[in-house]
Amino acid sequence: MFEQLDTLIFRFEEILELLSDPSVIADTNRLRELTIEESDLRPKVEKIRRYKQVEQELADTEEMLNEGLDAEMAEMAKMELAELKEERETLQEEIKIMMLPEDPNDGKNIIMEIRGAAGGDEAQLFAGDLLNMYTKYADSQGWNVEVLDANITGIGGYKEVSIMISGHKVYSKLKFENGAHRVQRVPETESQGRVHTSTATVVVMPEVEDIDFELNENDIRVDIYHASGAGGQHVNKTASAVRLTHIPTNTVVAMQDERSQLKNREKAMKVLRARVFDQMQSEAQSEIDASRKLAVGTGDRSERIRTYNFPQNRVTDHRIGLTIQQLDSILNGKLDEIIDSLVMYDQTQKLEELNGPKL
């Protein structure tokens, strides 16, 4: 463990030197990569250095006690020793979590797909509520949200909507949102005040670049057609809509929101690449899950993961048994308590599986 910790410190110091190198500063991509790595390593290195400092202070304090002190000084030293031991134990657990293997996708942007499921119009309105919730949460994190495609209903709901969320470690925080989200409330169209139950599904996929995963062009069928719906005269005159079909997996993506066929194709390719890659990962994960206990993970997407109960202003995450009586706040994008709890639960499960020795 100590060798790994020292390696992190060495790498951090190496990056600091590289960031002042003129050749690195001139290389935009290299500079961005190193800046991100430095930002990720800094809190880890600070914690490791504090741990080493506590260990040294413990050794010094114990040496002082062994040398013999007067009663008052000895009592003070014992109190300090107890505080240092407590801090060391806390740091040990924090460093263990810090050193857990990271999901290789954690640093990536995501493509999120939200669909109204069971419940007709009410489910589609709830899909819009979820879109608004995630958009506000993304804003609070300083992330960027781009709508890739949207199928909007006449009453303002969404049959389905695809968005890209870009920023620092988006996937690491939103990867647990996969699954069925259930809402319990009185619909606006309900005249007798009865509570209805509806669901919307959320799929979160890491953005996949060409360098990560390349689709064989020969496996993709491209169809060009006239867009339908709002958009002006170009709808009928310009064949700008694009449908991509990945033949081996029968994955289909259609885009028509942009006036440009090229832009629609570019967006469709992003989603197609993410869906095919996600399907491959899900199949591989299913094999792993069959032989080991699954913590939170990405989960089965048909699984009901959360209930939003309007009459009681309550949100319950069923995977970890967390209930929060602040539904209005959560739908306004205040997701930190839920997301932090899911991340902590996942880390705890991994620690239990690892069951490694203390430092």
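Thresholds applied
- Residues numbered from 1 in each chain as written.
- Predicted model: local features only at pLDDT ≥ 70, side-chain atom pairs only at ≥ 80, totals over all residues.
- Heavy atoms only, no water.
- Pairing = 2+ DSSP bridges.
- Helix = DSSP H or I, 4+ residues; strand = E, 2+ residues; numbered from the N terminus.
- Axes fitted to C-alpha atoms, helices over the stretch in contact; angles between N-to-C directions.
- Phe/Tyr/Trp six-rings, centres within 6.5 Å; stacked < 30°, edge-to-face > 60°.
- Buried < 20%, exposed > 50% of the residue type's maximum accessible area, 1.4 Å probe, protein only.
- Lys NZ or Arg CZ within 6 Å of the ring centre and 35° of its normal.
- pLDDT = per-residue confidence, 0-100.
- Contact = heavy atoms within 4.5 Å.
- Expected span 1.5 Å × (residues − 1).
- Bend = angle between axes of the 7 residues up to and from the residue.
- Salt bridge = Lys/Arg side-chain N within 4 Å of Asp/Glu carboxyl O.
- Core = buried A, V, L, I, M, F, W, Y, C linked by side-chain atoms within 4.5 Å.
- 1 Å grid on protein atoms, 1.4 Å probe; cavity = no way out; pocket = protein on both sides within 12 Å on 5 of 7 lines; lining within 4 Å.
- Points joined across faces, edges and corners; volume = space filled by probe spheres on them.
- Nonpolar A, V, L, I, M, F, W, Y, C, P; charged D, E, K, R; others polar.
- Domains from an automatic or database assignment.

## Topic: the sheet that holds strand β9 (residues 304-309)
1) Next: In spatial order, the strands read β2-β3-β1-β5-β4-β9-β10-β11; together these eight strands make up an open sheet with mixed pairing. Two strands lie at the open edges of the sheet, namely β2 (144-152) and β11 (322-324), each paired on one side alone. Pairwise comparison of adjacent strand axes, ignoring direction, gives a mean angle of 15° for this sheet.
2) Next: Direction of pairing for strand β1 (residues 110-116) relative to strand β5 (residues 196-206): antiparallel, over a ladder of seven bridges. Bridge pairing links methionine 112 to valine 204 in β5.

## Regarding the packing of aromatic side chains
Here the distance between the centres and the angle between the planes together describe a pair of aromatic rings.
1) Next: Under the definition given, this model contains two aromatic pairs.
2) Next: The interplanar angle of 65° and the centroid separation of 5.3 Å between the aromatic rings of phenylalanine 126 and tyrosine 308 together place this pair among those described as edge-to-face. Highlighted residues: phenylalanine 126 in helix α5 (residues 120-141) and tyrosine 308 in strand β9, separated in sequence by 182 residues.
3) Next: Judged by relative accessible area, phenylalanine 126 falls into the buried class, the value being 0%.
4) Next: The aromatic ring of phenylalanine 310 is capped on one face by arginine 185, whose charged end is 4.8 Å from the ring centroid.

## Points about the pairing of strand β10 (residues 314-317)
1) Next: Note that β9 and β10 share four bridges and pair antiparallel. Considered in β10, the bridge of tyrosine 308 is made with valine 315.
2) Next: Where β9 folds back onto β10 in an antiparallel hairpin, the turn is made up of four residues, including asparagine 313, whose phi is positive at roughly 50°.
3) Next: Bridging between β10 and β11 involves three bridges; their strand directions are antiparallel. In the strand pairing of β11, aspartate 317 is matched with leucine 322.

## Topic: the confidence of the model for the chain
1) Next: Per-residue confidence for the chain averages 82 on the pLDDT scale, and 86% of its residues sit at or above 70.
2) Next: Predicted confidence for residues 230-236 stays below pLDDT 50, and this span has nine contacts to residues more than four positions away or in other chains.
3) Next: In this model, residues 288-301 is a region of pLDDT below 50 whose contacts with residues beyond four sequence positions or in other chains number 30 contacts.

## As for α5
1) Next: The end-to-end C-alpha separation of α5 is 32 Å, in line with the 32 Å expected for 22 residues at 1.5 Å each.
2) Next: Among the residues of α5, those classed as buried are Glu122, Ala123, Gln124, Phe126, Ala127, Gly128, Leu130, Leu131, Met133, Tyr134, Tyr137 and Ala138.
3) Next: Glycine 142, located one to two residues past α5, shows a positive phi value of around 80°.

## Quick word on helix α3 (residues 28-67)
1) Next: A rise of 1.5 Å per residue sets the reference length of α3, with its 40 residues, at 58 Å; its end C-alpha atoms lie 57 Å apart and thus fit the reference within 8%.
2) Next: The largest bend along α3 measures about 35° and falls at leucine 41, with the proline proline 43 one to four residues further on.
3) Next: Residues of α3 that are buried include every one of Leu34, Glu38, Leu41, Lys44, Val45, Ile48, Tyr51, Val54, Leu58 and Thr61, and no others.
4) Next: Just downstream of α3 lies glycine 68, where phi reads positive at about 95°.

## Regarding the pattern of salt bridges
1) Next: Overall, the coordinates contain 23 salt bridges when judged by the stated rule.
2) Next: As a salt-bridge pair, glutamate 37 and arginine 11 come within 2.8 Å of each other at their nearest N and O atoms. Within this pair, whereas glutamate 37 is found in helix α3, its partner arginine 11 is found in helix α1 (residues 2-18), the two being separated by 26 residues in sequence.
3) Next: Here arginine 115 makes a salt bridge to glutamate 160, at a shortest N to O gap of 3.5 Å. Highlighted residues: arginine 115 in strand β1 and glutamate 160 in strand β3 (residues 158-166), separated in sequence by 45 residues.
4) Next: Given a relative accessible area of 25%, arginine 115 falls into the partly exposed group.

## Focus: the nonpolar core
1) Next: The biggest cluster of nonpolar side chains holds 35 residues, and the ones touching the most others in it are Met112, Ile114, Leu130, Tyr134 and Leu174.
2) Next: Among the elements that take part in this core, α5 stands out by supplying eight residues, more than any other.
3) Next: If sequence neighbours within four positions are ignored, leucine 130 has contacts with Ile114, His181, Ala200, Val202 and Tyr308.
4) Next: Ranked by size, the runner-up nonpolar core spans 18 residues in total, among them Leu5, Ile48, Leu91 and Met98.

## Quick word on the layout of surface pockets
1) Next: Taken as a whole, the largest pocket encloses approximately 860 Å³ of empty space.
2) Next: If you go around the largest pocket, you meet 26 residues; those closest to its centre are Ile97, Glu102, Lys169, Val343 and Gln347.
3) Next: Put simply, the parts of the chain that give the lining of the largest pocket at least two residues each are α3, α4 (71-98), α6 (170-174) and α10 (336-354).
4) Next: Residue contributions to the lining of the largest pocket peak at seven residues, all from α10.
5) Next: Its residues assigned to classes, the lining of the largest pocket comprises nine nonpolar, four polar and 13 charged.
6) Next: The residues that make up the lining of the largest pocket include at least three from each of domain 1 (1-99) and domain 2 (110-210 + 296-355).

## Some details on the pairing of strand β4 (residues 179-185)
Within a regular strand, side chains alternate between the sheet's two faces.
1) Next: The buried count for β4 comes to seven of seven residues, which makes it a mostly enclosed element.
2) Next: Bridging between β4 and β5 involves seven bridges; their strand directions are antiparallel. Within β5, the residue paired with arginine 185 across the bridge is histidine 196.
3) Next: Of the pairings in the sheet, the one linking β4 to β9 comprises five bridges and is parallel in character.

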